[in-house]
Amino acid sequence: MVTILGRYALPVNPFQEDGLWLRCALHAHTTNSDGELAPELLVRHYEWAGYDVLAITDHWARTAEPSTKKLLVIPSTELNAIAPTQEHDAHVLALGLDVDPVLPEGSFAPLEEVVAWIADNGGVPYLAHTYWSGLRTEQWWDCPGLLGIEVWNSGCELELGRGDSSLHWDEALEHGRPFFGLATDDSHHPGYDSGLASTWVRAKEKTREAVLEALRDGLFYGSTGPEIRDIEVSDGDVVVRCSPAEAVTLYSGRWRGARANAGRLGYPNHSEILERNNDGLITAARLFRPYDAPYGRVEVLDKNGDKAWSNPLWIG
Ligand SMILES: [Zn+2]
Ligand SMILES: [Zn+2]
């Protein structure tokens with residue numbers, strides 16, 4: 001393990017850790033802010049949808065609805081911050097916050113202060129929907145204590161087509177900033193904008209503390225559908241096992257990378273398909289690590305256009 005920029009340790013590989021896979025909804029709103037369902041109904045909704053964990057993230061309100069037998073509820077919130085000026089409004093998820101936030105009377109605090117306040121109060125800070133917010137990567141990539149971003153936000157995709165912030169993530173990673181990437185619903189109208197994205201967390205147990213620890217350590221992957229079953233990283237390659245995929249990609253910097261594509265004329269760029277299903281879709285692929293690649297992360301694309309995103313496998 002190496003520590004980079006004093007933020008956290010990399011590499012991390014949740015597929016090599018003991019524990020449980022927990023399906024987590026980490027961004028959702030209730031009537032305590034601008035969501036449609038009362039907290040109790042949102043809990044029932046996500047329980048029914050098959051999730052294991054729900055973080056309720058009302059704007060400037062910490063909604064502490066009790067957990068049920070099936071669904072672990074983690075009181076959280078979503079806070080505004082300026083990055084760096086008033087017209088650059090950043091939204092920050094404070095997952096597992098211990099205290100109630102207080103809406104400032106004047107302008108919002110700078111991103112660094114909001115992130116530090118979240119961490120000081122037991123929360124795990126992640127920057128929400130950077131593409132939707134129109135933030136440039138340099139406006140947040142040096143923020144101390146910020147753990148990552150939402151690589152995917154389904155609500156932002158449904159609303160404006162700006163749900164995919166992977167380009168911003170790659171810019172940060174390529175410049176040596178080791179951020180993690182969540183996939184979330186950001187549900188306001190459950191049934192219409194819920195159950196679309198999940199963050200699969202590898203936690204030691206199904207408790208608030210264990211889930212927050214895994215979110216701090218990057219032991220998770222995001223998905224709108226595909227399942228990543230295993231990732232093995234060695235000096236020369238990355239072997240990925242997954243649910244049937246149209247393509248498996250290793251992102252590792254400009255000009256570099258590798259991709260396995262399914263299909264009769266599947267284009268094998270620095271890759272080898274190890275297993276296919278009966279429809280010819282990829283269930284295992286070897287992706288060759290480019291020499292001197294600044295980072296590596298894996299994306300799985302299925303035939304419906306849904307994706308899964310691993311966290312960075314190495315950086316620097
Ligand atoms: Zn937001
Ligand atoms: Zn939100």
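The written sequence of each chain sets the order in which its residues are numbered from 1. To label them, take the chains in the order written and letter them from A, then take the ligands in the order written and number them from 1. pLDDT decides what is reported in this predicted model: residues at 70 or higher carry local features, side-chain atom pairs at 80 or more are listed and counted, and totals for whole chains, interfaces and linings draw on all residues regardless. Computation of side-chain values covers all heavy atoms of the structure but excludes hydrogens and water.

In this description a helix means any DSSP run of H or I spanning at least four residues, a strand means any run of E spanning at least two, and both kinds are numbered starting from the N terminus. Scanning the protein from terminus to terminus reveals six helices and 22 strands. Radius of gyration here is computed from C-alpha atoms only, and the compact-globule reference equals 2.2 Å multiplied by the residue count raised to the power 0.38. Taking 2.2 N^0.38 as the reference for a compact globule, 316 residues should give roughly 20 Å; the C-alpha atoms of the protein span a radius of gyration of 19 Å, in line with that estimate. Considered along the principal axes of its C-alpha atoms, the protein spans approximately 60 × 40 × 35 Å. For the protein, the proportion of contacts with a sequence separation of at least 24, taken over those separated by at least 6, is 62%. Contacts between residues were defined by any pair of non-hydrogen atoms, one from each residue, lying within 4.5 Å.

Turning our attention to the environment of Arg216. Within the secondary structure, Arg216 sits in helix α6 (residues 208–217). Counting along the chain gives 36 residues from Arg216 to Phe180, while the straight-line C-alpha distance between them is 9.1 Å. Discounting residues that sit within four places of it in the chain, Arg216 has contacts with Gly122, Gly123, Val124, Leu147 and Phe180.

We now examine the coordination of the zinc ion (ligand 2). Ideal geometry at a metal gives 109.5 degrees between four tetrahedral donors and either 90 or 180 degrees between six octahedral ones. Distances define the donors: N, O and S atoms within 2.8 Å of the metal qualify, as do those within 3.2 Å of Na, K or Ca. Water is excluded, so some sites may look unfinished. Only His27 (NE2), His29 (NE2), Glu78 (OE) and Asp186 (OD) from the protein reach the zinc ion (ligand 2) as donors, at distances of 2.1 to 2.3 Å. Key to geometry: four donors with every angle between 85 and 135 degrees are tetrahedral; four donors are square planar and six octahedral where opposite donors lie over 155 degrees apart and all remaining angles lie between 65 and 115; all other sites are irregular. Considering all four donor atoms around the zinc ion (ligand 2), the spread of angles at the metal, 77 to 163°, places the coordination shape in the irregular class. Here the donor residues of the zinc ion (ligand 2) share one chain and are spaced in sequence as H-x1-H-x48-E-x107-D. A separation of 3.5 Å is found between the zinc ion (ligand 2) and the zinc ion (ligand 1), which are bridged by Glu78. Highlighted residues: Glu78 in strand β6 (residues 77–82) and Asp186 in the loop between β10 (180–184) and β11 (198–203), separated in sequence by 108 residues. Here's how the labels work: a residue is buried when its accessible area is under 20% of the maximum for its type, exposed when over 50%, partly exposed in between, all with a 1.4 Å probe on protein chains only. Using a relative accessible area of 1% as the deciding quantity, one classes Glu78 as buried.

Protein coordination of the zinc ion (ligand 1) is provided by Glu78 (OE), His91 (ND1) and His129 (NE2), with donor distances spanning 2.1 to 2.2 Å. When the donor residues of the zinc ion (ligand 1) are listed from N- to C-terminus, their spacing reads E-x12-H-x37-H.

Attention now moves to the confidence of the model for the protein. Confidence scores labelled pLDDT are given residue by residue by the predictor and lie between 0 and 100. Here the protein shows a mean pLDDT of 95. Residues at 70 or above account for 97%. Segment residues 1–9 is flagged for pLDDT under 50; beyond a separation of four residues in sequence, or across chains, it makes 27 contacts in the model.

How large an interface is tends to be reported as the accessible area lost when its parts come together. For the protein, the assigned domains are domain 1 (16–223) and domain 2 (228–315). The C-alpha centroid of domain 2 is placed 27 Å from the C-alpha centroid of domain 1. Across the boundary between the two partners, domain 1 contributes 21 residues, which contact 18 residues of domain 2. The largest per-residue losses of area from domain 1 upon contact with domain 2 belong to Leu173, Glu174 and Tyr221, which jointly make up 35% of the total buried on that side. Criterion for a salt bridge: a side-chain nitrogen of Lys or Arg within 4 Å of a carboxyl oxygen of Asp or Glu. The tally of links from domain 1 across to domain 2 stands at three salt bridges. Between Arg254 and Glu174 there is a salt bridge, with its nearest N and O atoms 3.5 Å apart. Polar contact criterion, stated in full: a pair of N or O atoms within 3.5 Å, where within protein one must be able to donate a hydrogen and the other to accept it, and residues adjacent in sequence count only if both atoms are side-chain atoms. Joining domain 1 to domain 2, the criterion identifies 10 residue pairs in polar contact (both at pLDDT 80 or more). For the purposes of this description, domain bounds are those given by an automatic or database domain assignment. Two parts placed together each lose some accessible area under a 1.4 Å probe, and the buried area is that loss summed for both.

In this section: helix α1 (residues 39–48). Listed as buried for α1 are Pro39, Leu42, Val43 and Tyr46. The buried residues of α1 all sit within an arc of 100° when viewed along its axis, so they share a single face. α1 presents Arg44 and Trp48 as exposed residues on the side facing more than 90 degrees away from its buried surface. Looking at the residues trailing α1, positive phi occurs at Gly50, about 95°. Relevant arc is that of directions from the helix axis to the C-beta atoms, nothing else.

What follows deals with the packing of aromatic side chains. The criterion for an aromatic pair is that two Phe, Tyr or Trp rings (for Trp, the six-membered ring) have centres within 6.5 Å, with stacked assigned to planes under 30 degrees apart, edge-to-face to planes over 60 apart and tilted to the rest. Across all of its chains, the model carries nine aromatic pairs by this definition. Considering the side-chain rings of Tyr126 and Phe220, the 6.3 Å spacing of their centres and the 70° angle between planes classify their relative orientation as edge-to-face. In this pair, Tyr126 is assigned in strand β8 (residues 124–127) and Phe220 in strand β12 (residues 220–223), connecting sequence segments 94 residues apart. Taken together, Phe15, Trp21 and Tyr221 form an aromatic cluster joined through their ring pairs.

With that out of the way, let us pick up the sheet that holds β10. At least two bridges found by DSSP between two strands are what make those strands a pair. Strand order in this open sheet of five strands is β6-β7-β8-β9-β10, and the pairing throughout is mixed. Each end of this open sheet is capped by a strand with a single partner; those strands are β6 and β10. For this sheet, the mean angle separating the axes of adjacent strands, direction not counted, is 40°. Where strand β9 (residues 148–153) lies against β10, five bridges are found, and the strand directions are parallel. Looking at β10, one finds that Gly148 is bridged to Phe180. The convention used is that axes are lines fitted to C-alpha atoms, helices contributing only their stretch in contact, and that angles between N-to-C directions extend from 0 to 180 degrees.

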